[in-house]
Each structure stands twice: as C-alpha cells, then as structure tokens.
Amino acid sequence: KNLRATMTRLTPPSPPAGTLRSAATLLLLAIYSSTTSHGFTSHLPQSIARPTLSNHRGLATLDAAASAAPDLVVISPPGGIGEIASVESALLGGSVRWFVVSAPGAGGGAAEVALTAETLSAMERAGGSIELAGASADALLVNGSGDGVDGTSSAVATWCRGADSILCTYDGVMEEKRRVDRAKTAEERGMGNEENLIKSAVRVAAREAVKAASRGAVKVAVLGAGEELMMDGKEKKKGGGLLQGLLGGKQLEVPETLGEALMGNVMVVRHGELFGASASSPESSPFIGGPRIEPTIRDMYTMRSIRIDPTISLSGNVLSGEGSKTNRLSMGEAASRLALRKISLPSNLSNAQGQDDQDPALLDISVTSFSGTDAPTEDEWQTQFTRLFERLSSPSGGATLFTAEFGSVPNVRRLAEWIASKWAPAILRSYDIAGTRVGARPVYAVQTEDNVVEIVWQELVNFQPVTSGRMVITVEETGLTAARGKGDETKGFGKVSRVPLPGEDILVRRLGDAASQAVEKGLATKAKIASKEKPKPKPVESKPVAAVVSAPAVESSPAASSSEAGPRSAGARRSSERSRGRRKAEPPSEE
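Bear in mind that the values here come from a model prediction, so they are computed numbers and not experimental data.

1. Quick word on the environment of R429
Now for step 1: Inspection of the secondary structure puts R429 in the loop between helix 15 (412-428) and helix 16 (431-434).
Now for step 2: Residues R429 and V443 lie 14 residues apart in sequence; the distance between their C-alpha atoms is 9.1 Å.

2. Concerning the side chain of S278
Now for step 1: Here S278 lies in the loop between strand 15 (273-275) and helix 9 (299-302).
Now for step 2: Judged by its relative accessible area of 4%, S278 falls in the buried class.
Now for step 3: A polar contact of 3.2 Å, which involves the side chain of S278, links it to the side chain of E83.
Now for step 4: Each residue touching S278, except ones within four places of it in the same chain, is listed here: G79, G80, E83, I84 and S284.

3. Let's talk about the pairing of strand 23 (residues 479-485)
Now for step 1: In terms of residue burial, strand 23 counts as a mostly covered element, since 6 of its 7 residues are buried.
Now for step 2: Sheet topology note: the strand 19 (residues 400-408)/strand 23 ladder contains 5 bridges and is antiparallel. Within strand 23, the residue paired with E405 across the bridge is G479.
Now for step 3: Relative to strand 23, strand 22 (residues 464-476) is paired through 7 bridges, and the arrangement is antiparallel. Bridge pairing in strand 23 links R470 to G485.
Now for step 4: The loop that links strand 22 with its antiparallel partner strand 23 comprises 2 residues.

4. Digging into helix 17 (residues 504-520)
Now for step 1: With 17 residues, helix 17 should cover 24 Å at 1.5 Å per step; its first-to-last C-alpha distance of 25 Å lies within 8% of that length.
Now for step 2: Those residues of helix 17 lying buried are E504, I506, L507, V508, L511, A514, A515 and A518.
Now for step 3: With its phi angle positive at about 80 degrees, G522 sits one or two positions after the end of helix 17.

Criteria and thresholds
Residues numbered from 1 in each chain as written. Predicted model: local features only at pLDDT ≥ 70, side-chain atom pairs only at ≥ 80, totals over all residues. Heavy atoms only, no water. Helix = DSSP H or I, 4+ residues; strand = E, 2+ residues; numbered from the N terminus. Buried < 20%, exposed > 50% of the residue type's maximum accessible area, 1.4 Å probe, protein only. Polar contact = N/O pair within 3.5 Å; in protein donor to acceptor, adjacent residues only side chain to side chain. Contact = heavy atoms within 4.5 Å. Pairing = 2+ DSSP bridges. Expected span 1.5 Å × (residues − 1).

Put into structure tokens, the structure is as follows:
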C-alpha cells in the first residue's frame, strides 16, 4: 500500500522580521527519516512553520539546530527529475532535503508525493532520509519592505545550511503549470507566465542555498540539450536580471542562468527528449492503459540502457544531437551519483574541457537512453564515466565531430595537402557557406603540420576580423578525425565552444564525401571489414568398439563349398527335354 503525504499551504499570521512574509505561500509535506519506522519526522528551521499532516503517526517537531547538515539539497518544481533524484539519493544512503518550488497562486488541489512501502524500507536499510519543504514562486521573488530582507530567501538559506551538495533542475515546470491552469479560465491561462516565474524562483532559491552550503560543495545542474547553452554566466540578456517585486515589493535581481545562480564550478548534466515519470505520477505504471492480454509497456521500463558523452560532441554531431531521448529515471540516477560523490572524478577535470577558473561549467555532459530492460549497475555507471573522462582528457577535449577509418594511407602529407588545397576551398566557396552574412563563418583552410589541417572561423568585432573558432582535421595512417578547436585567446575566444559553429554541420556532412573521394583518388585504401569465418565442422569422433570374446569353436563335419563346380560345368547334359515353354501334345483319342 502506498504511503502518501499531502502538501498543505500555510499562511503564517503577522510573522516577525526574518520569518516568512504574510504573502508567502508555504508548501510543506511529510518528511521520512531513518530514525523512525512508524511515520515521518519533521526537521524544519524555526522560520518555517510546522506542517499540518494527515493520516500519519509518529510526528515530532525538532529544532533546526538538532538536525545534522544534509548531504544533498535538491531544488526543483514538484515531481519530475527532482523527486527521482531525491529518492535515489536517499536509497544510496544520503541525507536529502528537497525544496519544492510551486507555481504562484497554486490552485487546483494539493500536490502529492507517493512512496511505496518497499521504497521506505529500502531507505531505512541504506540509512538514508528525505526531508521536504517548499514555497511558491511569488513568495521567493518578493522582496520585503523596510529592512530589505527577503524572509522566504533567508528561510531557504537557514534550511539548507551546511549542505555538502546542491542539485537543481527545471524539470516539472510544465506539469506544474498545467496543474494550476486547470483551475483557471481560458482568458487567465493566456495571461499566465508561470513557467518563467518558477524558473526564476528556482534560480533564486539555488543562489541562497549556495551561500549557506559548506565550502567546496558539489553543485549539479540538470538542463535540456539546448537549455542555457549559449550563456556562460558572463553574458547577460538585455535588460536584465531584474524583476519588479510582486505584490508591491522592491526590484529583485534574479540570476539569468543556473550557472550564475550556483556561482561557478557547476557539473551540468543534459538530457534529450524526456520520457518516464516519478513514482508520485499516475504515469509511472508499467502498462499503458492498464493490464491487457497483449499489454503495452512504457518506454521508461524498456529503455534503461544509457550512454554518457561530452555535450560538445553531441551538439556538434547533427545525427546524435537531434532526436535523442533520455529516461527520467536514468537522469535522476546519474545526477544523484555525481552529487553524492559516488563517481570518482579526475583531478584535472577543470582543464579537460579547456575551461578557466571563472567558467561556471566544470563538467558538461549528456545522457542518452537506449533499449534495454536492465537498469545500469554500479560497475556500469563507473565504466560509462571512466570512458567519458578518457575522452575529455584527449587532445580534442571530447569535441570530436567526425571519424573515418581507412585500410591505410600511403602518404599522410599528400592527403592533408589535398584536403587543404582542393577539398576545403571548394566547400568554402559553396553557397551554403559563402552565403552566410551575419556572425562567424569558415573563411579559409591552412595546413599547420604534415598531417593537420585547420579550417578557421572568423567574425567581425569592432570592424576587425577575429578568429572565433576552428575545425582541426587530423590525418593518420588508418583514418582521419575532425574536432572543434578554440579561437583567438587574446580576443575572448580561448576555449572550445559548447555550441556548433555556423556551417559546421555542413562541413561534417561533406567530410564523409571527402573520405570517399580520397579512396577513389588512391590517397587512401578502403578499410576491410573482417568477415566472420564460418565455423568448421567438428570431426565426428568414432566411438571405441567394445571387445567381444568369441565362443570356443565347435568341431563339425566339413560342408560342401558353394563355390565348387556343378554337373553342367563339367559337360553333363539333361537326360530329357524340358517341357517348359512348349505346348504339351494332346493325348490321342480313343476313337
């Protein structure tokens, strides 16, 4: 039987300074702790009111000072990856605090979180725990008046004090918006802006949690494939970062990205098209439409295999970057393992992707799901991350865009010269490339070494051409590879771009034609595919014949041999003529 904890909305009457404001709508729900096996235990700071719980026993209210600092703080909208990561972290033995950011003026019924008895028992055996609290987006975005202290934000900082890790995600925003829209009219739905407000509130809560977290805390941001990819935290959108406080408050500065909110050194885990649901969602049932004679099983149970790659490669490779799908269960498991330090990180991680100290992204990876009914084991997770770190430590920093294999290259220098002097100029003069009029574009190709060709991107900065990026093509004796390279360091392009360069996808597609032309022109030989040898038939082993003991010979009179000559062979003739074949003579009549 599922144990359900319903979040209740409380409006504290006339709170003193430093507590939640009267306009703040607080969402509180039951907290499971490994210290009790009969119910839930509340560990909330004094600035957050005691929750009202129903249908549960063993409730107790403890002072915040008595509660130890959490291993992980998760900040997210209700449900989605935030709930999955919280539960998975508790199953791994971590002490988790999940702060839920709901839509402003949430209506349409209270949100629920459901945990099965098996999950609760597994948490207790692992020594993990979950504590939950939350606030509406408008409460987090309202600045107080008078002393200028935001009560809700300070309550978040108090509740998250001393956290070892922080995990933030936007997943669940659209589901929360649809839940609130059910209680609105059609006109009110068109005027709503809940999506942007919830995302802004998540960033504000993340900023306050980072300020109160322990020094050297691990920071993980779960984002979409193209979400906040262009912004590094240094670039800001025009106009902004300032929101006029709701309900008559002051202007509040809101971070533009999660990287900025988490104040650098962030591990970004990206996903493709998400599918699957958390345990509290009705869509978490394995069967679509219920059990049938021929049931249809949801993809979240049939696509559990995963692959982890650098985001640079996925965004540069058109075939891999588009159409990828990610299971929410796998995303929650990957993010929770990074946050709880279950994955061994290399010491030179900050230099592996060419990042500087001020870059907010310490690691930027993508998770893709594939067919498979078995969830990854701990060894498989470690193997995937080990392969990832090996790619990041390569000279290309994981930004490999194209790879072609040859049987052999007779003259490496000659093939590189052909690419630089014949193939690349023809492609750069094509309409698809030369027609680019705004921004950066590939301008020329140069052979920097005997086996290295660079295609250079330039753009105008203050009416001066500046190198903004490169494509480095390396020719080897068994193939060629193309990787994205950095631009001019003195002009602010000293690191590898995380997004595809303009026209890069065209060059990647044309490199396949270049490999075929190289084989046709005799510059390389085609790679031979090793054919599988047919298994030879096994020789049939003759079974050993058992020895048979013969019986003693019995003496008998010698018989005539059948091979001896007969009477006719000796010249004897028949004594009378045979009647066979002749008609017998009629006997004479008596007359």
